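Residue-level structural notes
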Amino acid sequence: MIMATLHLFMALTLSPLLLGIINRTKALFAGRTGQPLLQLYYDLAKLLRKGAVYSRTTTWVFRAGPVIGLASVLMASALVPFGGRPSLLSFPGDFLVLACLLGLARFFTILAALDTGSSFEGMGASREAAFSALAEPALLLSLAAVALRSGRLSLSSMLVSPLAWGHLAPALWLVAAAVFVVLLAENARVPVDDPATHLELTMIHEVMVLDHSGPDLAFILYGAALKLWILGAVWVGIVAPFGGMNPWTGTLFALAAILGLAVFIGVIESLMARLRLSRIPPLLVGAGVCALLALLVARP
Amino acid sequence: MILQAIDTLVVLLILTNLLLLGTNRLNGCIRMIAFQGFLLGVLAIFLQTPGNPVHIFLLAAGSMILKGVVFPWLLSRALREAHVRREVDPFVGFTLSLIAGGAALAVAVSLGARLPLPEALGSTLVFPGALFMIFVGFFLIVSRRTALSQVLGYLVLENGIYLCGIALIHDEPVLIEMGVLLDVFVAVFIMGIMIFHIQREFDHIETDQLATLKDVEP
């Protein structure tokens, strides 16, 4: 219980650091000094002190979007185990609740974007909806494959102890690859979306939050960082669950793994270009089919 | 250990098929086919059926050289001469092809679990993998426009049948297997020449446009 609370506290405080690490890795590759590691903390502090501006055409949906988005992501972060220890909340079937909460956050972000009435934001909302509709089956199928292999239905028992994949190790790689693609897509990273660009033709996530300001924008940025931490913890839990260890070493190892994951994402962003929009659906469907293959192979 | 190697190889084969379904670069497709031929050769060694080891080795080496080196070379030459780089507008789009591939995979696995098979298959994955390759081969043949993609589909189909053969049949006569390889070789050779001639005559290799050719206007 104490460990679970500590892990939740770590998720809440350390998640903005992941984005700092990604940006520093990219800066290192580009030969720049780059922004400070704690830049997102400064940004959040600055935004929270400011007031918000609301357009007169918007309704309560626009104001509710960031709040509901952050609330669902906060709830989701209490469901995901870390460092081989169960999470604060766990019950059979909570992996469906995790997917549902992430979906709810996305749904309200999309609604808020549509509520502004700007055709630009509508374009981003449409892209986000189209791509997440393809990314969500991949996530669900991957988690279903892990659940089937472990015979458990709760994330806290699925992702804490190393599974007996045995000769089915290829299924593990497939699940890991599928969840990684979902992680990149859900967090709007290269090659699906480029978080650094403000070029209207290629934006997906950035374009939906253009009209938010002040605390609302802070909620959105913080929610995005937490989402990266959540999916990163799921990925680490699938690839290298540190169960059966001393809880403190497990926590340290998992922390090192998730920070390493951030570095890896930074390396990918430095080495790869963004995909053309029309090439993204095949990528996401491919991830889904990989997860389906893992699910079919993983029958115990 | 051997089981893990077999499963890994079959999963890699399935992944190459998915890539074939999802990519539009014909060059990449040819490379995938070459990789598939190489994987099949390795798989034939791992799926040691009780037979003459020299024969098994000869077959594996023969199929690796033919499918991994000769066919890709022939096809790349045809591709270069036809000045076609991509499958531009297939009958079934790439995303939809991948979804169809997922459905075919599910069908293949459920069929593989249901069909009564002789024992000693090596792994439960081999037969569904072979069925899936056959499905993908048929699908590529009917869903793509360029003649070259259809040749690739034919090769995938043949690879699937070959996988079926090395998994199911104990001690397959070398003569028959060599005969099949020779047939496939001749087929690919002739189709390579055909593609070149179609290109020279009509300036494209899209087969659906050939259907409109007629001698006399009705």
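Residues numbered from 1 in each chain as written. Chains lettered and ligands numbered in written order. Predicted model: local features only at pLDDT ≥ 70, side-chain atom pairs only at ≥ 80, totals over all residues.

Scanning chain B from N- to C-terminus turns up eight helices and zero strands. Traced from its N-terminal end to its C-terminal end, chain B shows the element sequence α-α-α-α-α-α-α-α. Taking 218 residues into account, the globule formula puts the C-alpha radius of gyration at 17 Å, and chain B, at 18 Å, falls close to it. Overall size of chain B, expressed as C-alpha extent along the three principal axes, is 60 × 35 × 30 Å. Considering chain B as a whole, with its 218 residues, one finds that 43% of them fall into the buried category. (Helix = DSSP H or I, 4+ residues; strand = E, 2+ residues; numbered from the N terminus. Rg over C-alpha atoms; globule rule 2.2 N^0.38 Å. Buried ≥ 20, exposed ≤ 12 C-beta atoms within 10 Å, placed from the backbone.)

The subject of this paragraph is the overall build of chain A. Looking only at helices and strands, chain A features 11 helices and zero strands. Starting at the N terminus, the α and β elements of chain A follow one another as α-α-α-α-α-α-α-α-α-α-α. C-alpha atoms of chain A, sized along the principal axes, occupy 60 × 45 × 40 Å. For chain A, the proportion of its 300 residues judged to be buried stands at 52%. Taking contacts inside chain A between residues at least 6 apart in sequence as the whole, the part at least 24 apart equals 81%. (Contact = placed C-beta atoms within 7 Å.)

Turning to unusual backbone geometry, a few remarks are in order. Residues and elements named next belong to chain A. Along the chain, V190 connects to P191 via a cis peptide bond; the corresponding omega equals 10°. For P191, the position within the fold is in the loop between α7 (169-186) and α8 (205-208). Although it is not a glycine, A188 sits at a positive phi angle of roughly 55°. Looking at A188, the number of C-beta atoms within 10 Å reads 20, which means it is buried.

Ranked by internal contacts, the top residues of the largest apolar core, which has 159 residues, are A:L284, A:A291, A:A294 and B:L148. Top contributing element to this core by residue count: helix α9 (residues 214-239) of chain A, with 18 residues. Setting aside residues no more than four positions away along its own chain, B:L148 makes contact with B:L26, B:L75, B:A78, B:L79, B:V84, B:I195 and B:I205. (Core = buried A, V, L, I, M, F, W, Y, C linked by C-beta atoms within 7 Å.)

Residues and elements named next belong to chain A. Relative to each other, helix α4 (residues 94-115) and helix α5 (residues 119-150) sit at 180°, their axes nearing to 10 Å. As the angle between them shows, α4 and α5 are arranged roughly antiparallel. Every residue of α5 that contacts α4 at F95, A99, G103, R106, I110, A113 and L114 is listed here: E121, G122, G124, A125, E128, A129, S132, E136, L139, L140, L143 and A147. Among the residues making up the contact of α4 with α5, the classes are represented as 11 nonpolar, four polar and four charged. (Axes fitted to C-alpha atoms, helices over the stretch in contact; angles between N-to-C directions. Parallel < 35°, antiparallel > 145°, perpendicular 65-115°, else oblique. Nonpolar A, V, L, I, M, F, W, Y, C, P; charged D, E, K, R; others polar.)

Let us look at the interface of chain A and chain B. Tallying the contact residues gives 14 residues for chain A and 18 residues for chain B. When residues of the side of chain A that touches chain B are traced back to their parent elements, those giving at least two are α7 and α11 (280-297) of chain A. Among the elements that make up the side of chain A that touches chain B, the one with the highest residue count is α11(A) (10 residues). Taken together, the residues that form the side of chain A that touches chain B break down as 11 nonpolar, three polar and no charged.

Detailed reading of the predicted model is not advised wherever pLDDT is low. Averaged over chain B, the pLDDT score is 83; the fraction of residues at 70 or greater is 92%. When mean pLDDT is taken per element in chain B, helix α5 (residues 126-143) of chain B scores highest with 92 and helix α8 (residues 207-210) of chain B scores lowest with 74. (pLDDT = per-residue confidence, 0-100.)

With that settled, the discussion passes to the environment of A:G243. Residues and elements named next belong to chain A. Within the secondary structure, G243 sits in the loop between α9 and α10 (247-271). In this structure G243 comes out as partly exposed when scored by C-beta crowding, with 17 C-beta atoms within 10 Å. For G243 and V160, which are 83 residues apart along the polypeptide, the C-alpha to C-alpha distance reads 5.0 Å. Non-local contacts of G243, meaning those with residues more than four positions away in its chain, are made with G84, V160, S161 and P162.

Turning our eyes to something else, we now look at the packing of helix α2 (residues 26-46) of chain B against helix α3 (residues 53-82) of chain B. All names here are of chain B. At a minimum axis separation of 8 Å, α2 and α3 run at an interaxial angle of 175°. Put simply, α2 runs roughly antiparallel to α3. Residues belonging to the contact of α2 with α3 are distributed by class as follows: 17 nonpolar, six polar and one charged.

Further remarks concern α4(A). Three or four residues apart is the spacing at which side chains of an α-helix point the same way, because the helix has 3.6 residues per turn. Here α4(A) spans 31 Å end to end across 22 residues, near enough to the 32 Å set by a 1.5 Å rise per residue. Downstream of α4(A) by one or two residues, A:G117 has phi in the positive range, about 75°. (Expected span 1.5 Å × (residues − 1).)

Looking at the element boundaries, B:A147 is found in helix α6 (residues 147-168). With near-sequence residues (within four places) excluded, B:A147 lies in contact with B:I195, B:I198, B:I205 and B:T207.

Residue and element names in this part refer to chain A. Turning to its location among the elements, V160 is positioned in the loop between α6 (155-158) and α7. Classification of V160 by C-beta neighbours within 10 Å gives buried; the count is 24. Each residue touching V160, except ones within four places of it in the same chain, is listed here: P81, G84, R85, P86, P241 and G243.

Below, the discussion takes up α9(A). With 26 residues, α9(A) should cover 38 Å at 1.5 Å per step; its first-to-last C-alpha distance of 38 Å lies within 8% of that length. Across the 26 residues of α9(A), 23 count as buried, placing the element largely inside the fold.

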